[in-house]
Amino acid sequence: MERTLEQRYAIKFCIKLQKTAKETFDLLTQAFKDDCLSYSKVKKWHKSFKEGREEVADEARSGRPSTSRTDDKVTRVRDLLNKDRRMSVRLMSEQLNLPKTDVHRIVSEDLAM
């Protein structure tokens, strides 16, 4: 995701330099090599920025939002871990009444433990 945002900023910069979508894609391919966005994505973002879009982040999508890792749940897991660092994921999930997979993801990704 971070690479995608970098490339969107680069596309926006190329718009300011009045580069075409093809020139922009060539520059991105040179800079990002295998991690480069596809030509169709570059062309889509190039068009959006050219039409006046300012924001590089994705817009909100419709549909059911992900509820597995809310700020409240992350805080609850962090507080529980601060009380007892040796507590297992299974025990935390039982005490917090959260799925074990959610607790594991919060501990490993959000809290980087």
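Calculation notes
- Residues numbered from 1 in each chain as written.
- Predicted model: local features only at pLDDT ≥ 70, side-chain atom pairs only at ≥ 80, totals over all residues.
- Heavy atoms only, no water.
- Helix = DSSP H or I, 4+ residues; strand = E, 2+ residues; numbered from the N terminus.
- Rg over C-alpha atoms; globule rule 2.2 N^0.38 Å.
- Buried < 20%, exposed > 50% of the residue type's maximum accessible area, 1.4 Å probe, protein only.
- Contact = heavy atoms within 4.5 Å.
- Areas by Shrake-Rupley, 256 points an atom, 1.4 Å probe, with all protein chains shown as cover.
- Lys, Arg positive; Asp, Glu negative; His and termini not counted.
- Charge placed at Lys NZ, Arg CZ, Asp CG, Glu CD.
- Axes fitted to C-alpha atoms, helices over the stretch in contact; angles between N-to-C directions.
- Left-handed = near helix turned anticlockwise from the far one by under 90°.
- Nonpolar A, V, L, I, M, F, W, Y, C, P; charged D, E, K, R; others polar.
- Domains from an automatic or database assignment.
- Disulfide = S-S within 2.5 Å.
- Expected span 1.5 Å × (residues − 1).
- Arc of directions from axis to C-beta.

### Some words on the overall build of the protein
Regarding its fold elements, the protein presents 6 helices and 0 strands. In the protein, the succession of α and β elements from N to C terminus is α-α-α-α-α-α. For 113 residues, the compact-globule estimate of 2.2 N^0.38 gives 13 Å, and the C-alpha radius of gyration of the protein, at 21 Å, exceeds that figure by more than 25%. Projected onto its principal axes, the C-alpha positions of the protein cover 55 × 30 × 20 Å. Looking at the protein as a whole, 31% of its 113 residues qualify as buried. Of the contacts formed within the protein by residues at least 6 apart in sequence, a portion of 50% connects residues at least 24 apart. Surface summary for the protein: the accessible area is close to 8400 Å², and the carbon and sulfur share equals 49%. Taken together, the 25 basic and 19 acidic charged side chains of the protein have centroids lying 2 Å from each other.

### Some details on the packing of helix α5 (residues 89-96) against helix α6 (residues 100-110)
One way to put it is that α5 packs onto α6 with a least axis distance of 9 Å and a crossing angle of 115°. Like other packed secondary-structure pairs, α5 and α6 cross with a definite hand, here right-handed. Contacts between α5 and α6 involve Val89, Arg90, Met92 and Ser93 from the former and Lys100, Val103, His104 and Val107 from the latter. Per-class residue counts for the contact of α5 with α6 are 4 nonpolar, 2 polar and 2 charged.

### Overview of the domain arrangement of the protein
Segmenting the protein into domains produces domain 1 (1-51) and domain 2 (71-111). Distance from the C-alpha centre of domain 1 to the C-alpha centre of domain 2: 39 Å.

### A short note on the state of the cysteines
A complete count under the given rule lists 0 disulfides for this structure. The closest cysteine sulfur to the non-disulfide-bonded Cys14 is located on Cys36, 11 Å from its own sulfur. Given a relative accessible area of 7%, Cys14 falls into the buried group. Taking relative accessible area as the criterion, Cys36 reaches 17% and is therefore assigned buried.

### Digging into helix α2 (residues 21-32)
In this model, α2 (12 residues) spans 16 Å end to end at C-alpha, consistent with the 16 Å of a helix rising 1.5 Å per residue. Along α2, the residues that are buried comprise Ala21, Thr24, Phe25, Leu28 and Phe32. Considered in projection along α2, the buried side chains sweep an arc of 100° and stay on one side of the axis. Here the buried face of α2 lies against α1 (2-16) and α3 (39-50). Looking one or two residues beyond α2, the residue adopting positive phi is Lys33, at roughly 50°.

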